[in-house]
Amino acid sequence: MAGQLFPQLPHRTHGQKMQEPPKNIEEFLKLQNLDHWPKEIHLWDSDKLLYTMKKIKEDSSFTSIYTHLWGNVLRVDDAAMAMESRLAECSILLKNHASEIFEWNRIISRTISHGKLKQYKAFLKKYHKEKKIMLSDEMETKKDIEGCDFPGFRTNELTQLPRHLNAERIYLFILKAHNFDGKVFKIWRTHFLSEASLALLHDCFWWWFLHKFKPDRENQACLFDRISESYVSLFMSIPLSRKDTFFQVYPDCLAQAIYATFQEAFPESSNLFNDEFKEDLGNNIFLWLSGLPPQKGFWTHWKLKELSTTTIHGSKKMPSKSIKDMIARNQEQISACSSVHMILPAKILEWVVMPSSKGSS
């Protein structure tokens, strides 16, 4: 087995001197019985050799190798290339479509000058006012606690505040009541009107509504879970340099915003939103957000006393009884006017007819 794997080396007996390797080319040639090195290779068919060499050169070219691989190797990027081609086509279609829509020469330039367009935009910006919807008696929602029910919890959607109240406007009302400095107001405004902060106002209001007036453990649990998530999101969004200052102010402002929402939504139940109501509400919100209860009577510094007579928009509230009385008086005046209009023609006709009848008699 050893003889099959390794070449047989010349055996030297004990005492025999081992042959030394060749020291130069002459000794090497002599040892190998060669006249010169390397040996010459004689190819008898030179034409065949030239053809073979040319064929090898052609087959080993970049074009030949690329063509062979392109035609025989399966490509995994065919789908990507097709998508890229389709996107290029869609891009061309989009550019053509956009050029038709936003071609100023055909839409604006021929009808109005650029200067007049700027003046019109400035006019709209200056005199733009948010539209307010006046509800009729049939459309108007209930203004007391008893007439309101929780619409239900939805995982991916906030429950809207009652009577179409806007959370941003309520927060702005609270911030303005604090009379913050202009720069501080701008910074606080950004954080208070963030998505997480608005979600806290929505969910905390409804949780307290259910807890205080119409208990519903299942919906309260769902609301509380989302309140926790929103608070974490808000906490992480506040820069580290402002965290301490902001969260010293935020729990109190959130409690005020919830109280203001109750006053705005249910003016006919304002007697329920007394000092005890504010104390319990503030204690709950402070414990949730800071882990510590506030000082007793903390709500005395709230500048929200006028909410019982004034809306968050600044307009005066009118008691519901006086509204009904005013409507009744207006209806009486309308009916009285209509009866007068019916009587007057008869009186005029009587005075016109009477002289002629006297003359005839």
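Residues numbered from 1 in each chain as written. Predicted model: local features only at pLDDT ≥ 70, side-chain atom pairs only at ≥ 80, totals over all residues. Heavy atoms only, no water.

Brief notes about the layout of surface pockets
Of the volumes computed, that of the second largest pocket is approximately 310 Å³. If you go around the second largest pocket, you meet 18 residues; those closest to its centre are Leu158, Glu195, Ala196, Leu198 and Ala199. Looking at the lining of the second largest pocket, the elements with two or more residues in it are α8 (167-178), α10 (195-212) and α11 (217-237). With five residues, the single largest contributor to the lining of the second largest pocket is α10. (1 Å grid on protein atoms, 1.4 Å probe; cavity = no way out; pocket = protein on both sides within 12 Å on 5 of 7 lines; lining within 4 Å. Points joined across faces, edges and corners; volume = space filled by probe spheres on them. Helix = DSSP H or I, 4+ residues; strand = E, 2+ residues; numbered from the N terminus.)

Thoughts on the packing of α10 against helix α13 (residues 275-289)
Taken N-terminus to C-terminus, the directions of α10 and α13 make an angle of 125 degrees; their axes are 12 Å apart at the nearest point. Of the possible angle classes, the one that applies to α10 and α13 is oblique. Helix-helix and strand crossings are classified by hand; for α10 and α13 the assignment is right-handed. Mapping the contact onto sequence places Cys204, Trp207, Trp208 and Lys212 in α10 and Phe277, Asp280, Leu281, Asn284, Ile285 and Trp288 in α13. By residue class, the composition of the contact of α10 with α13 is seven nonpolar, one polar and two charged. (Axes fitted to C-alpha atoms, helices over the stretch in contact; angles between N-to-C directions. Parallel < 35°, antiparallel > 145°, perpendicular 65-115°, else oblique. Left-handed = near helix turned anticlockwise from the far one by under 90°. Contact = heavy atoms within 4.5 Å. Nonpolar A, V, L, I, M, F, W, Y, C, P; charged D, E, K, R; others polar.)

As for the nonpolar core
Among the nonpolar cores identified, the biggest contains 56 residues, and Tyr171, Tyr250, Leu254, Ile258, Phe262 and Phe266 are the most heavily contacted of them. Listing elements by their share of this core, those giving two or more residues are α8, α9 (182-192), α10, α11, α12 (240-265) and α13. Among the elements that line this core, the one with the most residues is α12, at 13 residues. Here tyrosine 171 is in contact with Phe192, Leu193, Ser197, Leu198, Leu201, Tyr250, Leu254 and Ala257, once residues within four sequence places are set aside. (Core = buried A, V, L, I, M, F, W, Y, C linked by side-chain atoms within 4.5 Å. Buried < 20%, exposed > 50% of the residue type's maximum accessible area, 1.4 Å probe, protein only.)

Some remarks on the side chain of serine 197
Tracing the chain through its elements places serine 197 in helix α10. Judged by its relative accessible area of 0%, serine 197 is buried. Excluding residues that lie within four positions of it along the chain, serine 197 makes contacts with Tyr171, His191, Phe192, Leu234 and Tyr250.

Considering the confidence of the model for the chain
In this model, the chain carries an average pLDDT of 75, and 66% of its residues clear a pLDDT of 70 or more. Ranking the elements of the chain by mean pLDDT puts helix α1 (residues 2-5) last with 43 and α10 first with 94. For residues 131-140, every residue scores under 50 in pLDDT, and the model assigns this stretch six contacts once sequence neighbours within four places are set aside. Predicted confidence is poor over residues 337-349, with pLDDT under 50, and the contacts of this stretch with residues over four places away or in other chains come to zero contacts. (pLDDT = per-residue confidence, 0-100.)

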